[in-house]
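Each chain, written out:
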Amino acid sequence: MTHNGPDNSSTAIDTIETDVPIYCGSDHLFNILKENKYNILFNVHGHTHAGAGRANIKKVQVINPGSLSWGEFGIIKLSRNALDNKWII
């Protein structure tokens, strides 16, 4: 879980009160998720209210649940695949 989302993700683009999109993501986080040396399954972040939704950086899912004050939130359910015992979101 991070405050800012990764750069190059639709979940980290602010379009509220602006004609030009504002890219709010972190280059460093993008590189960590892209390389995925730590077997990261997913990244949940906030900060960019207008970017609510899901995206992927390679095999890592990026989730921005949105703003609770706007009535948005997320529920993440994890389970294991019976065939290979890998985590499933």
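Structure: see above.
A quick note: this is a predicted structure, and the numbers were derived from the prediction, not measured. (Residues numbered from 1 in each chain as written. Predicted model: local features only at pLDDT ≥ 70, side-chain atom pairs only at ≥ 80, totals over all residues. Heavy atoms only, no water.)

J.: Explain the nonpolar core to me, and be specific about the residues and the numbers.
T.: One finds Leu29, Phe30, Leu33, Ile57, Val60 and Val62 forming the largest nonpolar core, which totals six residues. Elements with a contribution of two residues or more to this core: helix 1 (27–35) and strand 5 (60–64). No other element matches helix 1, which puts three residues into this core. If sequence neighbours within four positions are ignored, Phe30 has contacts with Pro6, Asp7, Asn8 and Ile57. (Core = buried A, V, L, I, M, F, W, Y, C linked by side-chain atoms within 4.5 Å. Buried < 20%, exposed > 50% of the residue type's maximum accessible area, 1.4 Å probe, protein only. Helix = DSSP H or I, 4+ residues; strand = E, 2+ residues; numbered from the N terminus. Contact = heavy atoms within 4.5 Å.)

J.: Describe the sheet that holds strand 4 (residues 53–57), listing the residues and the values that go with them.
T.: If you walk across this open sheet you meet the three strands as 3-5-4, and the pairing is mixed. The open sheet has two free edges, formed respectively by strand 3 (42–44) and strand 4, since each of these has just one partner strand. With strand direction ignored, the average angle separating the axes of adjacent strands in the sheet is 20 degrees. The pairing of strand 3 with strand 5 spans three bridges and is classified as parallel. The residue of strand 5 that forms the bridge with Asn43 is Val62. Most of the contacts of helix 1 go to strand 4, to which it runs at about 65 degrees, and overall it touches strand 3, strand 4 and strand 5. (Pairing = 2+ DSSP bridges. Axes fitted to C-alpha atoms, helices over the stretch in contact; angles between N-to-C directions.)

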